[in-house]
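# Chains, contacts and geometry: an overview
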Amino acid sequence: MKADRIGGMISIIIGAIAISESIRLSPMRMSTFAGDHTMPGVVGGALILLGLLLVFFIKGENHKVEFPNRKLIIQMVLTIVLLFAYWFVIKYLGYVISTLLVSVGLFKVMSSYSWIKSSFYAVILAAAFYLIFVRFLNLPFPTGIFNI
């Protein structure tokens, strides 16, 4: 069995789970097309449709599997470690400082920029996210020990 067919079957199963969740949320809807049930229904339907295409209609190609080299493995592991570190430190350092620090690390690890360039991009990113999410949308984020 080809990988495309297996992926299509997995897509159909996940789509069915999403549709069932949409049906479960349906009594809490505000209208037919607006409510908590809409997004799982749309995503579930798309997953089922595309999964059926993969299983029955699309002929996949055989690909030779190439495992990542050492540098890429280290980048992937460091990215996961940085994201878990972000999840852990955001409650202590707050949204702004932890976003700034972790984005410096992510820019450095994922793009191999210099520390100066990574820091510059991280400041721009953290400021933009702060303006969008905290100032304009008034979303509550952890302020941490520095109340920022």
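This report concerns the structure included in the present document. Note that this is a predicted model, so its numbers are computed, not measured. (Residues numbered from 1 in each chain as written. Predicted model: local features only at pLDDT ≥ 70, side-chain atom pairs only at ≥ 80, totals over all residues. Heavy atoms only, no water.)

### With respect to helix α3 (residues 70-93)
Look at α3: 32 Å from first C-alpha to last across 24 residues, which is about the 34 Å you get at 1.5 Å a residue. When we look at burial in α3, the residues that qualify are Gln75, Thr79, Leu82 and Ile90. Check the buried side of α3 and you find it contacts α4 (95-111). (Helix = DSSP H or I, 4+ residues; strand = E, 2+ residues; numbered from the N terminus. Expected span 1.5 Å × (residues − 1). Buried < 20%, exposed > 50% of the residue type's maximum accessible area, 1.4 Å probe, protein only. Contact = heavy atoms within 4.5 Å.)

### Things to note about a nonpolar patch on the surface
A contiguous nonpolar patch, built from Leu49, Leu50, Leu52, Leu53, Phe56, Phe57 and Ile58 and spanning about 710 Å² of accessible area, is present on the exposed surface. With respect to the helices and strands, the residue Leu49 is situated in helix α2 (residues 38-57). (Patch = residues over 30% accessible without salt bridge, like charges linked within 9 Å, V, L, I, M, F, W, Y side chains within 5 Å. Areas by Shrake-Rupley, 256 points an atom, 1.4 Å probe, with all protein chains shown as cover. Salt bridge = Lys/Arg side-chain N within 4 Å of Asp/Glu carboxyl O.)

### Section: the packing of α4 against helix α5 (residues 115-136)
Contact pair α4 / α5: the axes reach a minimum separation of 8 Å and the direction vectors enclose 140 degrees. Classified by the angle between their axes, α4 and α5 sit oblique to one another. Crossing angle aside, the handedness with which α4 passes α5 is right-handed. In contact with Tyr95, Val96, Thr99, Leu100, Ser103, Val104, Phe107 and Lys108 of α4, α5 contributes Trp115, Ser118, Ser119, Tyr121, Ala122, Val123, Leu125, Ala126, Phe129, Tyr130, Phe133 and Val134. Here the residues of the contact of α4 with α5 are counted per class, giving 15 nonpolar, four polar and one charged. (Axes fitted to C-alpha atoms, helices over the stretch in contact; angles between N-to-C directions. Parallel < 35°, antiparallel > 145°, perpendicular 65-115°, else oblique. Left-handed = near helix turned anticlockwise from the far one by under 90°. Nonpolar A, V, L, I, M, F, W, Y, C, P; charged D, E, K, R; others polar.)

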